[in-house]
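Survey of secondary and tertiary structure
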Amino acid sequence: MAKYTITVCMGSSCFARGNDTNLAFLEDYIKENNLDAEIELAGTRCEGKCASGPNISINGIEYNNVSVENLEEILKSLEV
Ligand code: FES
């Protein structure tokens, strides 16, 4: 079982405001670092928190206003 599940909000607001790029970045990051076994990607529908989006969560911990820049920092802090 993967150590981390990263859930990306695929609702139209989060997606249009950055999760499209964030998702592409995550897919590349996982591939480049061979993290398929450690990180599982999932998508979710709008959870009504669009104002604080783009939103992602990692093992249930929510991150808001996620951009590629802070996503990279978040990923580096994971113990994979
Ligand atoms: S679109 Fe992500 S919380 Fe609404």
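Above: the structure in question.
These notes cover the structure that comes with them. (Residues numbered from 1 in each chain as written. Predicted model: local features only at pLDDT ≥ 70, side-chain atom pairs only at ≥ 80, totals over all residues.)

Looking at the nonpolar core
The biggest cluster of nonpolar side chains holds nine residues, and these are Ile6, Val8, Cys9, Cys14, Leu23, Leu26, Ile56, Val66 and Leu71. Broken down by secondary-structure element, the contributors of at least two residues to this core are β1 (4-9) and α1 (12-32). (Core = buried A, V, L, I, M, F, W, Y, C linked by C-beta atoms within 7 Å. Buried ≥ 20, exposed ≤ 12 C-beta atoms within 10 Å, placed from the backbone. Helix = DSSP H or I, 4+ residues; strand = E, 2+ residues; numbered from the N terminus.)

Examining α1
At glycine 18, α1 is deflected by roughly 70°, the largest bend along its length. Looking at α1, one finds that the buried residues are Cys14, Gly18, Asn19, Asn22, Leu23 and Leu26. In this structure, the buried side of α1 is in contact with β1, β2 (39-44), β3 (56-58) and α2 (68-77). Two residues or fewer after α1 comes asparagine 34, characterised by a positive phi angle close to 50°. (Bend = angle between axes of the 7 residues up to and from the residue. Contact = placed C-beta atoms within 7 Å.)

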